[in-house]
Amino acid sequence: MSPKIRWYILALVFIATGLNFLDRQVLSMTIIKIQEELNISDVEYGWVNTGFLISYALMFTVGGRLIDNVGGKLGLGLSVGLWSLASALHGAMSNFYHLLGFRFLLGMGEGGCFPGAAKTVYEWFGEKERALANGVAIGGAAIGAVVAPPLTIVISGQYGWRWAFILPGIFGIIWVIAWFSTSWKKSLQNLNRKKSVQTGQSQQLSLSSLLKIRTVWIFILIRFLLDPVFYFLMFWVPKYLNQERDLSFERIGELFWIPFLALGLSNILGGWFSDKLIARNLSINAARKWVMGFAAAVTLVAPFISTVSSVEVAILLMSLMMLAHGFWITNYITAITDVFGKYATSTVVGLSGTAGAISGMILNPVIGWVAQNYAYGPLWLISGIMYPLAFIILLVFVPRISAIAFDSEVPLPQTNRE
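None of the values given here were measured: they were computed from a predicted structure.

1. Focus: the pattern of salt bridges
Here comes step 1: Summed over the entire model, instances satisfying the criterion amount to nine salt bridges.
Here comes step 2: Across the pair Arg-162 and Glu-37 runs a salt bridge whose closest N-O atoms are separated by 3.2 Å. With Arg-162 in helix α7 (residues 161-181) and Glu-37 in helix α1 (residues 4-38), this residue pair connects regions lying 125 residues apart in the sequence.
Here comes step 3: On the basis of relative accessibility, which here comes to 25%, the residue Arg-162 falls in the partly exposed class.
Here comes step 4: Members of the salt-bridge network, linked through shared partners, are Arg-130, Asp-275, Arg-288 and Asp-338.

2. Overview of the environment of Thr-354
Here comes step 1: In this fold, Thr-354 is placed in helix α15 (residues 311-374).
Here comes step 2: Residue class for Thr-354 comes out buried when judged on its relative accessible area of 13%.
Here comes step 3: For the pair Thr-354 and Phe-60, spaced 294 residues apart in sequence, the C-alpha separation works out to 5.4 Å.
Here comes step 4: Those residues within four positions of Thr-354 in sequence are excluded, and the remaining contacts are Ala-57, Leu-58, Phe-60 and Thr-61.

3. Looking at a nonpolar patch on the surface
Here comes step 1: Residues Leu-221, Phe-224, Ile-358, Ile-362, Leu-363 and Val-366 make up a contiguous nonpolar surface patch of about 450 Å² in total accessible area.
Here comes step 2: Sorting elements by how many residues they give to the nonpolar patch places α15 first, with four residues.
Here comes step 3: Looking at the secondary structure, you find Val-366 in helix α15.

4. Here we look at the packing of aromatic side chains
Here comes step 1: In total, this model carries 20 aromatic pairs according to the counting rule given.
Here comes step 2: Consider the rings of Trp-161 and Phe-165, whose centres lie 6.2 Å apart with planes at 90 degrees: the pair is edge-to-face. With Trp-161 and Phe-165 both in helix α7 and four residues apart, this pair spans about one turn of that helix. Of the two residues, Trp-161 and Phe-165, neither departs from the other in class, the shared state being buried.
Here comes step 3: Ring geometry for Trp-369 versus Tyr-374: centroids 5.5 Å apart, planes at 65 degrees, classification edge-to-face.
Here comes step 4: Through a chain of ring-to-ring contacts, the aromatic side chains of Trp-124, Trp-175, Trp-179 and Trp-184 assemble into a single cluster.

5. Some details on the nonpolar core
Note on soluble globular proteins: their nonpolar side chains tend to be buried together.
Here comes step 1: Ranked by internal contacts, the top residues of the largest apolar core, which has 112 residues, are Trp-175, Trp-328, Tyr-332 and Trp-380.
Here comes step 2: Take this core: its biggest share by element is 27 residues, from α15.
Here comes step 3: Membership of the second largest hydrophobic core comes to 18 residues, among which are Ile-40, Tyr-45, Met-93 and Phe-96.

6. A few points about the environment of Gly-135
Here comes step 1: The topology assignment puts Gly-135 in helix α6 (residues 130-159).
Here comes step 2: Put simply, Gly-135 and Lys-119 are 16 residues apart on the chain and 13 Å apart in space, counted from C-alpha to C-alpha.
Here comes step 3: Excluding residues within four positions of it along the chain, Gly-135 makes contact with Asn-267, Ile-268 and Thr-330.

7. Some details on the packing of α1 against helix α2 (residues 42-70)
Here comes step 1: Their axes nearest at 12 Å, the elements α1 and α2 cross at an angle of 160 degrees. In terms of orientation, α1 and α2 fall into the roughly antiparallel class. Seen along the crossing, α1 lies across α2 with a hand that is right-handed. When α1 is examined against α2, the residues Arg-24, Leu-27, Ser-28, Ile-31 and Gln-35 are found in contact with a partner set consisting of Asp-42, Tyr-45, Val-48, Phe-52 and Tyr-56.
Here comes step 2: Considering only residue class, the contact of α1 with α2 consists of six nonpolar, two polar and two charged.

8. Considering unusual backbone geometry
Here comes step 1: The backbone phi angle of Asp-246 is positive, close to 60 degrees, even though this residue is not glycine.
Here comes step 2: Examined against the element boundaries, Asp-246 turns out to sit in the loop between α11 (237-243) and α12 (249-255).
Here comes step 3: Although it is not a glycine, Ala-375 adopts a positive phi angle of roughly 65 degrees.
Here comes step 4: Topologically, Ala-375 is positioned in the loop between α15 and α16 (377-397).
Here comes step 5: Accessibility expressed as a relative area gives 28% for Ala-375, which makes it partly exposed.

Cut-offs applied
- Residues numbered from 1 in each chain as written.
- Predicted model: local features only at pLDDT ≥ 70, side-chain atom pairs only at ≥ 80, totals over all residues.
- Heavy atoms only, no water.
- Salt bridge = Lys/Arg side-chain N within 4 Å of Asp/Glu carboxyl O.
- Helix = DSSP H or I, 4+ residues; strand = E, 2+ residues; numbered from the N terminus.
- Buried < 20%, exposed > 50% of the residue type's maximum accessible area, 1.4 Å probe, protein only.
- Contact = heavy atoms within 4.5 Å.
- Patch = residues over 30% accessible without salt bridge, like charges linked within 9 Å, V, L, I, M, F, W, Y side chains within 5 Å.
- Areas by Shrake-Rupley, 256 points an atom, 1.4 Å probe, with all protein chains shown as cover.
- Phe/Tyr/Trp six-rings, centres within 6.5 Å; stacked < 30°, edge-to-face > 60°.
- Core = buried A, V, L, I, M, F, W, Y, C linked by side-chain atoms within 4.5 Å.
- Axes fitted to C-alpha atoms, helices over the stretch in contact; angles between N-to-C directions.
- Parallel < 35°, antiparallel > 145°, perpendicular 65-115°, else oblique.
- Left-handed = near helix turned anticlockwise from the far one by under 90°.
- Nonpolar A, V, L, I, M, F, W, Y, C, P; charged D, E, K, R; others polar.

Have a look at this one:
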């Protein structure tokens, strides 16, 4: 097997996760023009966002389950195709109901992205390279978040807001063609002779059996606790900079990309560092937890964001928060693949993603209430506490990250053991 094909496929996954974040952010950049042209109210816009989050949360689990059954190639390809079609359809909308429907369809497609990415990485990369590969795959999302604002502004200015949806949708369809044009079967067969890993339609545990495993619930709980912190960083920091730091929207645009660049770099570096520790003969358990522990410690800078006088220093501290999140999420998802392997990687990534999306839906109004009544200080304080808390939960309830923990909790047929 040529080793180059693995990295070509990983590059395509990187582009897919970048498109995932880019496509979902176009609306937030164009909504003012859309509201003026189509007479959509703020309340209706709120329902549009809720519709997206509902389908996104649902498809994180449903899509993850399906991808564990059909494999990464078909699962991720269909996901990208669905949300790219939905993105392009935004360019043809003429009323609120069109926007609501297309946004719901976008969430259905995007919900399968990260379970599909995790499954693909598991299929192509062994445990000594898996964290780096996951970091590259996830890192595309941060780069998409960096590129989305200026790209949307340029396209909208040159061709109108509709083309800001249509052009990324067309690019996504081109990606799907490239994805399905790549031959996997022979290369994977050669790779799997070395890894002794089956891919595609492999043995699945029933969902009821999975939900009896304590480790599954710990990974779900961790995502439930931490995703609202990430959503806070993504969705509320511009308002914080405007209201608390008195920055203009132009100045916010000049600064807000910096934390996301730090996130993209740390996704890759977090995986690389974890793999280097394994190469130095640390166990998988120790390598993942050392990096996640470091990340949790770095997030303790969060409470200082509201107290420093310099805006530039505040942005630097936010960048450290994003850097820590990148180190954390890469090793968190890799730990799921380490534990659940071919049996349930996408399902557990999907379940945890659903939990995070639901938590975000529940807590976003709470974040707004706290910001309105108590300013942002308490929110930064809580953000600095949650990652160390999650790390303690991981240490206590998942004492060892390894596939053996999974096999020992749920007996599997001998022929399907790794």
